[in-house]
Amino acid sequence: MSGGIQPIRGMNDVLPAEIGLWQHLEAALRELAAAYGYEEIRVPVVEHTELFKRSIGEFTDIVEKEMYTFSDQGGDSLTLRPEATAGIARAAISNGMLRGQKHKLWCIGPMFRHERPQKGRYRQFHQFDVEAIGFEGPDVDAELIVMMARLWRVLGLTRVRLKLNSLGTPESRAAYRDKLVQYFRGHEQALDADSRRRLGGNPLRILDSKNPDMQALIAGAPLIVDHLDAASSEHFGALQAALRAAGVDFSIDPRLVRGLDYYSRTVFEWTTDALGSQDAVCSGGRYDGLIAHLGGEPTPAIGFAMGIERVVELLRQAGTVPAAHMPDVYIVAQGTRAVSAGLALAERLRDELPRRRIAFGAGGGNFKAQFRRADRSGARLALVIGDSELERGVVAVKNLRGEANQIECPMSEVGTRLEAALKE
Ligand code: HAM
């Protein structure tokens, strides 16, 4: 569209031709969450910028360079949510949901990050987010993981693998951080610019570097699993035992540190080899300190978020064919009076056959053009009304699939006839 208004880079339209897979996935997610006793929560898409700075951390990529932040008319600094956990934690505090209570919550919706767009990485993307608030684990940690393992089975996706790690408590992590800084300082010349910058603010993220020149140095770095406090170590061991008992395969990745600061103890990521470099399809972990850090009463919690675009792509690659939402009946009408009668008939049929899809072929055109649209809609039957049918108080019922035939039936009997024909 030259000269027209362009879409924003990295923000996609989901067109009717693609919506089937989205709906298929969303239906599976709703069913999954309900099957595990999780309740839906909806929180705003914008929050005070301070919420994300405090939750995700000042020295993270998200806060440093990816947030859509703006001042509103009142001069408040607001940010489009880059993720859902901070908003849900805020909601639990501001709605008085804590006080020793437990909540199993989920939400679905758009998130915004100003990243460099590429396949699988967008500036507006969607997450299915699950949070278990008030649970110390490790049983609930295992529950969240078996829940996702079930989802992959239900969706028929086999190319996903689970990686686990534990980040320990803030104290054990701080001690590990010192060790790590000491190690990297000893090799400062070998650090790339990004890692040198991270050394001061967020040295654990150096372990996440994708730079090939850094890999040998990273491979020699001290491992966080060797520096866990006893309680975290036990927690992590119990999680692994629970997963083995549940038959969920996993590998321990001592370099899995996650890009958000609020994590403690369990962190995990489901990755795939089917999507190229954007290989994380679902990631999360425990954030026992976050709610207290935001001013709520100390409450342990854990959650994860799944990237919907990435899983839709996996479904597409796997050749998943979603149930088609085609109309059952398409009403073709020609002539002013016939069009009004057709509109009224469509309403009556929607009352009489509430589970059937009745499409009214608005938009005019001759019978031929209307039949072409009826055919393209995928409907099984067409109802035809013209002046001659109106005068005789009948409607023509035409089979659009299989053997072509057309019968006439009295207006008053259309509903019953249609139901019978559709059951055949
Ligand atoms: P995250 O790892 O930043 O974690 O994002 C979770 C998932 O969202 C990723 O694994 C990926 O599938 C998807 N994702 C992230 N960024 C993009 C993007 N730019 N384009 C497409 N998909 C993307 C979180 O957001 C945490 N809030 C997860 C969590 C919940 N932790 C505890 N509770």
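Nothing here was measured: the structure is a model prediction, and the numbers come from that model. (Residues numbered from 1 in each chain as written. Predicted model: local features only at pLDDT ≥ 70, side-chain atom pairs only at ≥ 80, totals over all residues. Heavy atoms only, no water.)

Caption draft 1: Layout of the overall build of the protein. Tallying secondary structure elements over the protein gives 15 helices and 16 strands in all. Counting only C-alpha atoms, the protein reaches 95 × 55 × 45 Å along its principal axes. Across the 424 residues of the protein, 50% fall into the buried class. For the protein, the exposed area adds up to about 20,600 Å²; of that, 51% sits on carbon and sulfur atoms. Looking at the protein, you have 53 positive and 55 negative side-chain charges, and the mean spots of the two groups are 4 Å apart. (Helix = DSSP H or I, 4+ residues; strand = E, 2+ residues; numbered from the N terminus. Buried < 20%, exposed > 50% of the residue type's maximum accessible area, 1.4 Å probe, protein only. Areas by Shrake-Rupley, 256 points an atom, 1.4 Å probe, with all protein chains shown as cover. Lys, Arg positive; Asp, Glu negative; His and termini not counted. Charge placed at Lys NZ, Arg CZ, Asp CG, Glu CD.)

Caption draft 2: Highlighting the layout of surface pockets. Estimated volume of the second largest pocket: approximately 450 Å³. For the lining of the second largest pocket, the secondary structure elements donating two or more residues are helix H2 (49-56), helix H6 (170-185) and helix H10 (290-293). Considering only residue class, the lining of the second largest pocket consists of 8 nonpolar, 9 polar and 6 charged. (1 Å grid on protein atoms, 1.4 Å probe; cavity = no way out; pocket = protein on both sides within 12 Å on 5 of 7 lines; lining within 4 Å. Points joined across faces, edges and corners; volume = space filled by probe spheres on them. Nonpolar A, V, L, I, M, F, W, Y, C, P; charged D, E, K, R; others polar.)

Caption draft 3: Representation of the pairing of strand E15 (residues 394-399). Pairing geometry for strand E14 (residues 381-385) and E15, over 4 bridges, is antiparallel. Bridge assignment links leucine 381 to a residue of E15, and that residue is asparagine 399. Pairing analysis gives 5 bridges linking E15 to strand E16 (residues 406-410), with the strands arranged antiparallel. In the strand pairing of E16, valine 394 is matched with proline 410. (Pairing = 2+ DSSP bridges.)

Caption draft 4: Representation of the side chain of arginine 123 in the model. Topologically, arginine 123 is positioned in the loop between strand E5 (103-112) and strand E6 (124-133). One buried charged residue, arginine 123, remains without a salt bridge, the closest side chain of opposite sign being glutamate 115 at 8.4 Å. Side-chain polar atoms of arginine 123 contact the side chain of histidine 114, separated by 3.4 Å. For arginine 123, the contacting residues outside a window of four places in its chain are Arg9, Gly10, Met11, Tyr68, Met111, Phe112, Arg113, His114, Glu115, Arg116 and Pro117. (Salt bridge = Lys/Arg side-chain N within 4 Å of Asp/Glu carboxyl O. Polar contact = N/O pair within 3.5 Å; in protein donor to acceptor, adjacent residues only side chain to side chain. Contact = heavy atoms within 4.5 Å.)

Caption draft 5: Spatial organisation of the site of the ligand. Taken together, 27 residues lie near the ligand, and Glu83, Thr85, Glu115, Tyr263 and Ser283 sit nearest. Within the contact set of the ligand, a nitrogen atom lies 2.9 Å away from a backbone nitrogen or oxygen of tyrosine 122. Between the ligand and arginine 258 there is a distance of 2.9 Å, counted from an oxygen atom to a side-chain nitrogen or oxygen. Protein contacts shield 96% of the accessible area of the ligand, which totals 660 Å² for the unbound molecule. Take the shell around the ligand: its biggest share by element is 6 residues, from strand E10 (residues 280-286). (Near = heavy atom within 4 Å.)

Caption draft 6: A look at the packing of helix H12 (residues 336-352) against helix H15 (residues 414-423). Here H12 crosses H15 at 60°, and the two axes come no closer than 10 Å. By the angle between their directions, the pair H12 and H15 is classed as oblique. For the crossing formed where H12 meets H15, the hand is right-handed. Between H12 and H15, the residues in contact are Leu345, Arg348, Leu349 and Glu352 and Val414, Gly415 and Leu418, respectively. Taken together, the residues of the contact of H12 with H15 break down into 4 nonpolar, 1 polar and 2 charged. (Axes fitted to C-alpha atoms, helices over the stretch in contact; angles between N-to-C directions. Parallel < 35°, antiparallel > 145°, perpendicular 65-115°, else oblique. Left-handed = near helix turned anticlockwise from the far one by under 90°.)

Caption draft 7: Fine view of the sheet that holds strand E9 (residues 264-272). One open sheet accounts for 8 strands, arranged E1-E5-E6-E11-E10-E9-E7-E8; its pairing is mixed. Because the sheet does not close on itself, it has two edges, and the strands there are strand E1 (39-40) and strand E8 (251-252). Here E1 runs beside E5; their pairing, made up of 2 bridges, is parallel. Across the sheet, glutamate 40 pairs through a bridge with tryptophan 106, a residue of E5. Lying over the sheet, helix H1 (residues 16-35) contacts E1, E5, E6 and strand E11 (301-307), oriented at roughly 160° with respect to E5.

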